[in-house]
Amino acid sequence: MKITIANTEQEFDCAAAWRVIGQMLACPASVIGLSTGRTTGNMHRLIAEIHGRYPFPVGETTFFGLDEVTGVSRHYSGACYTMLKTELIDALGVDEEHFLMLPTRCDDFPRACADFRNEIARRGGIDLLILGLGENGHLGFNQPGSPFGGEAWVTHMNAELEERIRRETGTPPDVPLGGATLGIKDIMQARRIVLVAKGENKTDIVSRMLQGPVTPDVPASVLQLHPDCEFLLDAKAAGKLRMKN
Ligand code: GLP
């Protein structure tokens, strides 16, 4: 396991941004998966900022979102589509053909999930996947208990996030909300993964992910078994790790 600990948040954001830029420079035709949330916003904006000042080719790269909220408009500011567009995709000038997302609304989600997996496979599979980490150990929307053999699917989101999205979008309780996400099997098939976690609220789950048992109760613990996964942490998130002398 490769664990990288950044001393400051700025160092963390810079290191995370560099993982993506480095992949694009080394292999412009890469397929790169991105996660949304508080952890990755700055790294996305930094990639865009660096590209603005020191342009590098982006036209051959395919970007995709790991997951998406379902039951709301994709133009809602908290939808992963809009977050990625706003933070990174538009600033880089990536066209629709090179930006793949699961839908927020769809008549046939199982088919949309299968199409999403197939399209990623058709483009050669995932070269680099940036993964955020839920406070309960979730990866994408794969909550505790999700099967390690799972493929892209629609599942539920954690209660806190659902409550926030209902409030922000005015979605009534009788309208179902969910989370479309690559499954854990899909995630584990990525050639290279960088798990990113920063902040004190991730301290406990980071130690369970890395130094606890590999169990579906902590979905991210499965990454202990991935052959090329780097865990990029800031000092706060790494605060409870037991280090060898
Ligand atoms: C959300 C997203 C995930 C993200 C995770 C961490 O549920 N669906 O893709 O990785 O939570 O979010 P944050 O970085 O805000 O802690």
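Conventions we followed
- Residues numbered from 1 in each chain as written.
- Predicted model: local features only at pLDDT ≥ 70, side-chain atom pairs only at ≥ 80, totals over all residues.
- Heavy atoms only, no water.
- Core = buried A, V, L, I, M, F, W, Y, C linked by side-chain atoms within 4.5 Å.
- Buried < 20%, exposed > 50% of the residue type's maximum accessible area, 1.4 Å probe, protein only.
- Helix = DSSP H or I, 4+ residues; strand = E, 2+ residues; numbered from the N terminus.
- Contact = heavy atoms within 4.5 Å.
- Near = heavy atom within 4 Å.
- Polar contact = N/O pair within 3.5 Å; in protein donor to acceptor, adjacent residues only side chain to side chain.
- Pairing = 2+ DSSP bridges.
- Axes fitted to C-alpha atoms, helices over the stretch in contact; angles between N-to-C directions.
- Disulfide = S-S within 2.5 Å.

Trainee: Looking at this structure, how should I read the nonpolar core?
Mentor: Counting 36 residues, the largest nonpolar core has Leu195 and Leu223 as the members making the most contacts within it. It is helix 7 (residues 203-211) that provides the largest number of residues to this core, a total of 4 residues. Once residues within four sequence positions are removed from consideration, Leu195 is found in contact with Leu131, Gly132, Leu133, Leu139, Met209, Leu223, Cys229, Glu230, Phe231 and Leu232. Ranked by size, the runner-up nonpolar core spans 30 residues in total, among them Ala15, Ala16, Ile32 and Phe63.

Trainee: Please explain the site of the ligand as it appears in this structure.
Mentor: Close to the ligand lie Thr36, Gly37, Arg38, Thr39, Asp67, Gly132, Leu133, His138, Gly140, Phe141, Leu161 and Lys202. Within the contact set of the ligand, a nitrogen atom lies 2.7 Å away from a side-chain nitrogen or oxygen of Asp67. The separation between an oxygen atom of the ligand and a polar side-chain atom of His138 is 3.0 Å.

Trainee: For this particular structure, what's the right way to read the sheet that holds strand 8 (residues 178-181)?
Mentor: The strands making up a sheet associate through hydrogen bonds between their backbones, and the pairing can be parallel or antiparallel. Spatially, 4-8-7 is the arrangement adopted by the 3 strands of the open sheet, whose pairing is antiparallel. Since the sheet does not close on itself, it has two edges, and those belong to strand 4 (67-70) and strand 7 (153-155), each with one partner. With direction set aside, neighbouring strand axes in the sheet form an average angle of 25°. Across 4 bridges, strand 4 lies against strand 8 in antiparallel orientation. From the neighbouring strand, Thr70 faces strand 8, where its bridge partner is Gly178.

Trainee: Whenever I open this one, the state of the cysteines confuses me. Can you help?
Mentor: Put plainly, two cysteines are in a disulfide when a covalent bond ties their sulfur atoms together. Per the counting criterion, the structure on display carries 0 disulfides. No disulfide involves Cys106; its sulfur sits 8.0 Å from the nearest other cysteine sulfur, which is in Cys113. Given the relative accessible area of 32%, Cys106 is considered partly exposed. With no disulfide partner, Cys229 has as its closest neighbouring cysteine sulfur the one in Cys27, 19 Å distant.

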